[in-house]
There are 2 protein chains.
Amino acid sequence: MSGSLVIIGTGPGNPGQTTPQTFEAIAASDVFFGYGPYLDRLDLRPDQVRMASDNREEIDRARAALDAAMRGAKVCVVSGGDPGVFAMAAAICEAVENGPETWRRLDIRVLPGVTAMLAVAARAGAPLGHDFCAISLSDNLKPWDLIERRLRAVAEAGLVIALYNPISKARPWQLSTAFKLLREVLPVTTPVIFGRAVGRSDESFVVVPLGEADRQQADMATCVIIGSAETRIIERPGLDPLVYSPRGVGL
Amino acid sequence: MSGSLVIIGTGPGNPGQTTPQTFEAIAASDVFFGYGPYLDRLDLRPDQVRMASDNREEIDRARAALDAAMRGAKVCVVSGGDPGVFAMAAAICEAVENGPETWRRLDIRVLPGVTAMLAVAARAGAPLGHDFCAISLSDNLKPWDLIERRLRAVAEAGLVIALYNPISKARPWQLSTAFKLLREVLPVTTPVIFGRAVGRSDESFVVVPLGEADRQQADMATCVIIGSAETRIIERPGLDPLVYSPRGVGL
């Protein structure tokens, strides 16, 4: 008798941003697979089993989770944010496609969550107020020149850009190179937002013009939002400014 | 004494996908501004006031909401999905920027939510598993040729595309034109997902190849996700196929 597998996202980290449907799925699961710090966010019962792994072992984790479900467990695979945005849902699908035929008979569900760019955008105002994109800056799984082509294409097309995985110990220079490239296309006054752990007690949140954007302002857990040429800042006395991208353009 | 203004999103429509933080903000508010069908999703108390308006009156609604907050009300502005994605957060910012100086002193908060493309993607598997973008197909607020340029640029760059506002009575032809343009760039086998009211009892969900994608499959409330050339379909016996975009490309 096979079990089931549900893939969830905890949201940006504040439990007030985790959906009720996700809390229900957690309560109904037996075994939890995920990156340790994401599993730490869950308030598990003593009868629930925790299988933590390193952040870079996604495919092995996916296979182990599928295997446990095939043996009858109610498995929960845990991502931060939304599980479909640079997270575990695609890794599970890859493992299913390349795994044994029997894995295709499993009951697999994905539950949506609040992804980081939406939380950072909400904290800022409405920088994603018109057309936008999400690009991972990690060249672990795609060539760097493809990332550069994509950044140039979307900036020239006027989309707001949310960068995921902007920097890590193994990838120290990519974010600086991305800013340099974007300064060739966008005004140096374009607002750039660095948001980290937004909605949590260790939140960090900074807005700077593109001309002053520096990789030092980001770490692995930062989501960087780069405006379009239309993105604006409304200064407010005694309050954080509002950063927003007008809904209309070019009319 | 001025009040406050909070901008929320109910998520795709299933209350299990509305965040606890959003439910708290609803409970703490006095007056609710929004498009009627979104307000209908709220379970308001008799002492809470409902100010419904038509879908196309966003700036008037934003001004009325700001005005009510200035008079001391605890105002809640209600969007579907996430309030920062083609929704009310940008309209409120626009109204603040162009309104009286006193509006800049208001306590304004935006709370993130689950936007439609994330719910449709979760229902399908992981079609947003690599770089992606969100584009509104409405030419009410931007010229159609800009939309065409953007569609071509992002499809050529290999991004998965989520289309919001794909069709309406006043905009009957734009979606067909978009499919035609995308067929010039992407394989006709590229998966196209039409998701509507995902997670609700009146859900509709269809996957077709780009060569057969037809505007008849969409209405105003549909989110259309168009894969990249890498997006794949895993057929599963007795179950819906999984549609996903592999995390890696070109290595």
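Residues numbered from 1 in each chain as written. Chains lettered and ligands numbered in written order. Predicted model: local features only at pLDDT ≥ 70, side-chain atom pairs only at ≥ 80, totals over all residues. Heavy atoms only, no water.

As annotated in an unreviewed UniProt entry, chain A is Precorrin-3B C17-methyltransferase from Devosia chinhatensis. Note on chain A: under the UniProt heading Pathway (unreviewed entry), the record states "Cofactor biosynthesis; adenosylcobalamin biosynthesis." (UniProt positions renumbered as here; feature names shortened; annotations may be inferred.)

The next subject is the overall build of chain A. When its secondary structure is counted, chain A shows seven helices and 13 strands. For 251 residues, the compact-globule estimate of 2.2 N^0.38 gives 18 Å, and chain A sits close to it at 20 Å. Across its three principal axes, chain A shows a C-alpha extent of roughly 60 × 40 × 40 Å. In chain A, which comprises 251 residues, the proportion classed as buried is 59%. Across chain A, the fraction of contacts at a sequence separation of at least 24, relative to all contacts at a separation of at least 6, is 68%. Counting 26 positive and 29 negative side-chain charges, chain A places the centres of these two groups 1 Å from one another. (Helix = DSSP H or I, 4+ residues; strand = E, 2+ residues; numbered from the N terminus. Rg over C-alpha atoms; globule rule 2.2 N^0.38 Å. Buried < 20%, exposed > 50% of the residue type's maximum accessible area, 1.4 Å probe, protein only. Contact = heavy atoms within 4.5 Å. Lys, Arg positive; Asp, Glu negative; His and termini not counted. Charge placed at Lys NZ, Arg CZ, Asp CG, Glu CD.)

Turning our attention to helix 5 (residues 116-124) of chain B. One turn of the α-helix equals 3.6 residues, which is why residues spaced by three or four share an orientation. Buried residues dominate helix 5 of chain B, accounting for seven of its nine residues. Residues Met117(B), Leu118(B), Ala119(B), Val120(B), Ala121(B), Ala122(B) and Ala124(B) constitute the buried set of helix 5 of chain B.

Quick look at the environment of Ser201(A) now. Here Ser201(A) is to be found in the loop between strand 9 (191-196) and strand 10 (204-209). Overall, the relative accessible area of 82% leaves Ser201(A) in the exposed class.

Turning chain A through 180° and shifting it by 0.0 Å along the axis lays it on chain B, with an RMSD of 0.0 Å. Taken together, the rotation and translation describe the operation of a two-fold axis. Distance from the rotation axis, computed per C-alpha, reaches its smallest value in chain A at Cys133(A): 1.9 Å. When the interface residues of chain A are mapped onto chain B, 100% of them are again interface residues, pointing to one common binding face. (Least-squares fit on C-alpha atoms with pLDDT ≥ 70 in both.)

This brings us to the packing of helix 6 (residues 144-156) of chain B against helix 7 (residues 174-185) of chain B. Residue and element names in this part refer to chain B. Interhelical geometry of helix 6 versus helix 7 gives an angle of 35° and a closest axis separation of 10 Å. Relative to helix 7, the crossing made by helix 6 is right-handed. From helix 6, Trp144, Glu148, Leu151, Arg152, Ala155 and Glu156 reach across to helix 7, where they touch Gln174, Thr177, Ala178, Leu181, Leu182, Glu184 and Val185. Split into classes, the residues belonging to the contact of helix 6 with helix 7 amount to seven nonpolar, two polar and four charged. (Axes fitted to C-alpha atoms, helices over the stretch in contact; angles between N-to-C directions. Left-handed = near helix turned anticlockwise from the far one by under 90°. Nonpolar A, V, L, I, M, F, W, Y, C, P; charged D, E, K, R; others polar.)

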